[in-house]
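Next come the chains, spelled out residue by residue.
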Amino acid sequence: MSRLRQWLARVAGLFHRERADQRLRAELESHLQMLAEENVRRGMTAAQARQAARRTLGSDLRIGQAWREQRGVPWVETFARDAVLGLRMMRKHPGFAALAIATLALGIGANTAIFSVVDAVLLRPLPYPHPSQLVSVFATRRPANTFEGTSYPNLEDERAWNTAFTGMGGSNAHQLTLTGRGEPSLANTVVVSGDYFPVLQAKPLAGRTILPEDTKLGAAPVVLLSENIWRGRLGADPKIVGSSITLDKRPFTVVGIMPAGFRDPFFASTAQVWIPVHQDPVFGPLMRFRAGSLLGVLARLKPGVSLEQAQSQMAGIAERLAANFPGADESLSIHVVLLQQILVGDVKAALLVLLGAVGLVLLIACVNIANLLLARASARGKEMGIRLVLGAGRSRIVRQLLTESVVLGLLGGGGGVLLAYAGVQAMVSILPADLPGLRAVAVDGRVLGFGLLLSLAASILFGLAPAILSADACLRTSLREGAGRSGDGGGRRRARNVLAVAEIALAMVLLVGAGLLLHSFLSLTYVNPGFDGRQVWKADVSLPQYEYSTPQQWTAFADQLLPRIQTQPGLRDSALAVPLPVFQQFVNLSFTIAGNPPLPQGVSDTADYVSVSPDYFRVMAIPLLAGRNFNRQDSIAAPPVTLVSEALVRRYFPGENPIGRRMIFAFPRDKAVAREIVGVVGDIRDKSLEHPSGPMMYVPFDQAPLWGGAVVVRSELSPAAIAAAIRRQAHAIDPDLPVTDFESISYAVQATASPARFRALVFGLLGLIALVLASAGIFGVLSYSVSRRTHELGIRMALGATPPSIRRMVLREGGILAAAGLGIGTAAGLYLTRLLESQLYGVGADDPWTFAATAILLAGVALAACYLPARRAMRVDPTIALRYE
């Protein structure tokens, strides 16, 4: 009985296989007939048409047979075969392959280049041992809550009273004169406390670092060199450790050399020498004052101590300082923040927004390639149908098509990495020079790994939908579509339309962002800084503190230098200022107004402070609005006077005339002095073009001199002639004085807008790429739609439709897609552009004019992309089109 059942089952199996073979033969014969008919329409004879059809069908059958033979083959070998087949298909359609690879390379290259910046600035740990333990400790005072440094006495108390840190170090930076080693120059100097290098756990290249005993009063002056200045300015002297160099006319013993790879956290790009706090001629005398707030402080958390625990302990120490020293530390708060978070600052938001923007470009590129693959899948419908009939499962087809996508993605990724190499070099040249981590921006192993992962992710993203839709095909439907009877499949057509709408929507978001940033940058370029920097140049002259130690010496030097410069041909308009707005760090001082009631405890009026010579306002073209300018009679022996800005008058003297009122303030080294307001001048932007004008007060340089300053000259002479004249006159007074940082005032003012320029440039480029890709996408959808609807269009024209009506129909189809994309893109843009608010100036994130202009531009480009397919549709010959029936 069992043998009988086996025999019957075998007969039934043969019967079923016979029926399957019959169905297959019928399908193949039908397919062969259709291919032959199509070849006849192309001009072949019947015999030639059938022979060519057999060759095409044989190729499809061999592919299908190969699929059947791959069952049970290891996946690695299967992947290799699929990859080879994918390469063959790309060679068969080189135009499609080139377009897809170029599109993908553009998207991946932009993402990889921007990721290299994000990786260097945001993701890489700080180049110190155990960087997660490093924190910044800074102070604020109520009610302003503005950032402040820490005084040296407070730092000493905080170090002694806390148990959360292994150490606390403070630093500040300025420049000292280096002489005795060739031409006099300025050395970028970092002033540090004794625990500074132990906190960073930094090791010297030679010698030792600065130790706590070096910072004690009365200790011998020592200096730590950077490898860069040792190899450059000092000629890599092998006996430099133990010898001395002259800084500000005082010998300092070299105790060590820091390697070139060491970067000071707060002054990463400028540090050349390090000296102890009390040995510094500039800040050293001020270190004894508890209200100085001169030091930026970093600390290292003890193992097991959390940031919250350290913050809680420092809050208690702040209360203890306020109680013990109410005059200096009232309303004091101390904050503990991770050092990397402080160094990154506002850059993080800008870079993440930029990374999101290039991500949108890659997404648009993937959508575009997915559309191309969908169109190609329709052409390969008969191939997929035969494979299904010959036994290939849908999962197998999906795997094959995804493998082809991966091959395409890897080739695009390789091209993208090559573009990233070039893009990074170009981008570093236009990035803001003070960007933290800028030196580490490079296409290295981490960035290459990101590019590889991005390529694979993009491959799956753009290849998944076409693969699934192709796997759902059946042979009969594929054959009908191949013969052009019913146009494209409804699912594929809808998918392509959805992808085209998505492209337009994503492009709308990017273009709106680019428009807002461009509008913001243009607004900055039209900002009036309050002075005229055209044909104005500046040069810094610094006096050695150990030789020029008194205000009388500073005044005497200025009184000699300016007349000498002004007697030179073409240099009559010259002046001196310190700190020079835009170039140098502003000095913000608190003051009181004589006759006004005292302010509440912890509240103070403040303004930015500048010491200037009498001709400064004329040279800089700052207008006098009321009263008088400074003159030669405003000397140290004359009554103290001040000029104030219009913004100060608006804030502190509303509705009254400030001329004749007195303001009481002092520069940190001086005692408070009551100064009479003798004039009001126009507002200037002393920080950057983005920062609004704030209250400012000016004092005569002779009444408040400093150790040098910036010489400003308005002249039509060449820059080289101006610089040589200033240097010549300074060296005539003292040959060891360095004259440095010669620069154009106008150029420096415009440079303050460089971050806005960079954002506008990059977003504008990304928006242009998105615009091209979106227009290409809608052009491709309509072109393919017209080519697949030739038969339908022929019938319409045979039934009386006119070419203009056919054109309107195609344009209407494209217009609907564009309108849907613009609507979705506008809604998304209103939400996503809020992320740009902190990057904008003079324009809101929901600016209607930018949205309207972007929509009009994108609609115009989309309609232009629709026009060529519409013209092609108009030219369809009904007689030729009906032959496909």
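Reading the values: the criteria
- Residues numbered from 1 in each chain as written.
- Predicted model: local features only at pLDDT ≥ 70, side-chain atom pairs only at ≥ 80, totals over all residues.
- Heavy atoms only, no water.
- Helix = DSSP H or I, 4+ residues; strand = E, 2+ residues; numbered from the N terminus.
- Buried < 20%, exposed > 50% of the residue type's maximum accessible area, 1.4 Å probe, protein only.
- Contact = heavy atoms within 4.5 Å.
- Areas by Shrake-Rupley, 256 points an atom, 1.4 Å probe, with all protein chains shown as cover.
- Salt bridge = Lys/Arg side-chain N within 4 Å of Asp/Glu carboxyl O.
- Phe/Tyr/Trp six-rings, centres within 6.5 Å; stacked < 30°, edge-to-face > 60°.
- Core = buried A, V, L, I, M, F, W, Y, C linked by side-chain atoms within 4.5 Å.
- Axes fitted to C-alpha atoms, helices over the stretch in contact; angles between N-to-C directions.
- Parallel < 35°, antiparallel > 145°, perpendicular 65-115°, else oblique.
- Left-handed = near helix turned anticlockwise from the far one by under 90°.
- Polar contact = N/O pair within 3.5 Å; in protein donor to acceptor, adjacent residues only side chain to side chain.
- pLDDT = per-residue confidence, 0-100.
- Pairing = 2+ DSSP bridges.
- Expected span 1.5 Å × (residues − 1).
- Patch = residues over 30% accessible without salt bridge, like charges linked within 9 Å, V, L, I, M, F, W, Y side chains within 5 Å.

## Regarding the overall build of the protein chain
Helix and strand counts for the protein chain stand at 26 helices and 21 strands. Counting all 885 residues of the protein chain, 50% fall into the buried class. Sequence separation of at least 24 residues holds for 80% of the intrachain contacts in the protein chain that already meet a minimum separation of 6. For the protein chain, the exposed area adds up to about 39,700 Å²; of that, 60% sits on carbon and sulfur atoms.

## Quick look at the pattern of salt bridges
If charged atoms from side chains of opposite charge come close, those side chains can pair. Summed over all chains, the structure comprises 21 salt bridges. Where Lys538 meets Asp540, a salt bridge forms, and the shortest distance between an N and an O atom there is 3.0 Å. Here Asp615 makes a salt bridge to Arg632, at a shortest N to O gap of 3.3 Å. Here Arg632 lies in the loop between strand S15 (624–627) and strand S16 (641–645) and Asp615 lies in the loop between strand S14 (605–612) and helix H18 (616–620), a separation of 17 residues in the sequence. When salt bridges that share partners are traced, they join Lys249, Glu547, Asp734 and Asp736 into one network.

## Some remarks on the packing of aromatic side chains
Following the criterion strictly, the structure yields 14 aromatic pairs and no others. Arranged with centres 5.0 Å apart and planes meeting at 75°, the rings of Phe617 and Tyr698 form a pair that is edge-to-face. Here Phe617 is found in helix H18, whereas its partner Tyr698 is found in strand S19 (residues 696–700), with 81 residues between them in sequence. Judged by relative accessible area, which is 2%, Phe617 ranks as buried. With relative accessibility at 0%, the residue Tyr698 sits in the buried group. Put simply, the rings of Tyr128, Tyr196, Phe197, Phe262 and Trp274 touch in pairs and so form one group of aromatic residues.

## A few points about the nonpolar core
Membership of the largest hydrophobic core comes to 95 residues, with the highest contact counts inside it found for Tyr616, Phe617, Tyr698, Phe763 and Ile778. Ranked by residues supplied to this core, first place goes to helix H16 (residues 490–525) with 15 residues. Beyond its immediate stretch of four places on either side in the chain, Ile778 contacts Ile504, Gly814, Leu817, Ala818, Ala862, Ala865 and Cys866. With 43 residues, the next largest nonpolar core counts Trp537, Tyr652, Ala704 and Ile722 among its residues.

## Brief notes about the packing of helix H5 (residues 152–161) against helix H8 (residues 307–324)
Helix-helix packing: each pair is described by the crossing angle between the helix axes and the interaxial distance. At a minimum axis separation of 11 Å, H5 and H8 run at an interaxial angle of 130°. Comparing the axis directions of H5 and H8 gives the class oblique. Where H5 crosses over H8, the handedness of that crossing is right-handed. In this structure, H5 contributes Asn154, Asp157, Glu158 and Trp161 to the contact, and H8 contributes Gln313, Met314, Ile317, Arg320, Leu321 and Asn324.

## Some thoughts on the side chain of Glu227
With respect to the helices and strands, the residue Glu227 is situated in helix H7 (residues 227–231). Judged by its relative accessible area of 13%, Glu227 falls in the buried class. At 2.7 Å, the side chain of Glu227 forms a polar contact with the side chain of Arg231. Of the polar contacts made by the side chain of Glu227, one reaches the backbone nitrogen of Ala260; its length is 2.7 Å.

## Description of the confidence of the model for the protein chain
Residue-level pLDDT values for the protein chain average 79, and 81% of them are 70 or greater. When pLDDT is averaged over each helix and strand of the protein chain, the minimum, 47, is found for helix H15 (residues 475–482) and the maximum, 94, for S16. The low-confidence segment residues 3–18, where pLDDT is below 50, has 1 contact with residues more than four positions distant or belonging to other chains. Low pLDDT, under 50, characterises residues 62–73; the predicted model gives this stretch 20 contacts beyond four residues in sequence or across chains.

## Some points on the pairing of strand S6 (residues 244–247)
Alternating residues of S6 divide into Ile245 and Leu247, all buried, and Ser244 and Thr246, none buried. Looking at chain direction, strand S2 (residues 165–179) and S6 are connected through 2 bridges and run antiparallel. Residue pairing for S6: Leu178 is matched across the bridge by Leu247. Alignment of S6 against strand S7 (residues 250–258), held across 4 bridges, turns out to be antiparallel. Counterpart to Ile245 in the pairing with S7 is Phe252. Turn length for the S6-S7 hairpin, with the two strands adjacent in sequence and antiparallel, is 2 residues, and the turn residue Asp248 shows positive phi of about 50°.

## Here's the deal with helix H24 (residues 803–832)
The end-to-end C-alpha distance of H24 is 42 Å, a good match for the 44 Å that 30 residues give at a rise of 1.5 Å each. Listed in full, the buried residues belonging to H24 are Ile806, Met809, Val810, Gly814, Leu817, Ala818, Gly821, Leu822, Gly825 and Gly829.

## Describing the environment of Leu363
Along the chain, Leu363 falls in helix H11 (residues 347–379). Through-space distance from the C-alpha of Leu363 to that of Leu461 is 8.6 Å; in sequence the pair is 98 residues apart. In this structure Leu363 touches Leu461 and Leu506, once residues within four positions along its chain are discounted.

## Some words on a nonpolar patch on the surface
A surface patch of nonpolar side chains, amounting to about 350 Å² of accessible area, comprises Leu410, Leu452, Leu453 and Leu456. No other element matches helix H14 (residues 445–471), which puts 3 residues into the nonpolar patch. Tracing the backbone shows Leu452 in helix H14. Under the relative-accessibility criterion, Leu452 is labelled partly exposed at 46%.

## Side note on the environment of Leu200
For Leu200, the location among the structural elements is in helix H6 (residues 196–200). Of the residues examined, Leu200 reaches a relative accessible area of 0% and is grouped as buried. Spatially, the C-alpha atom of Leu200 lies 6.3 Å from that of Tyr128, the residues being 72 residues apart in sequence. The residues touching Leu200, leaving out its near neighbours within four places in the chain, are Tyr128, Pro129, Leu134, Phe262, Pro265, Leu298 and Arg300.

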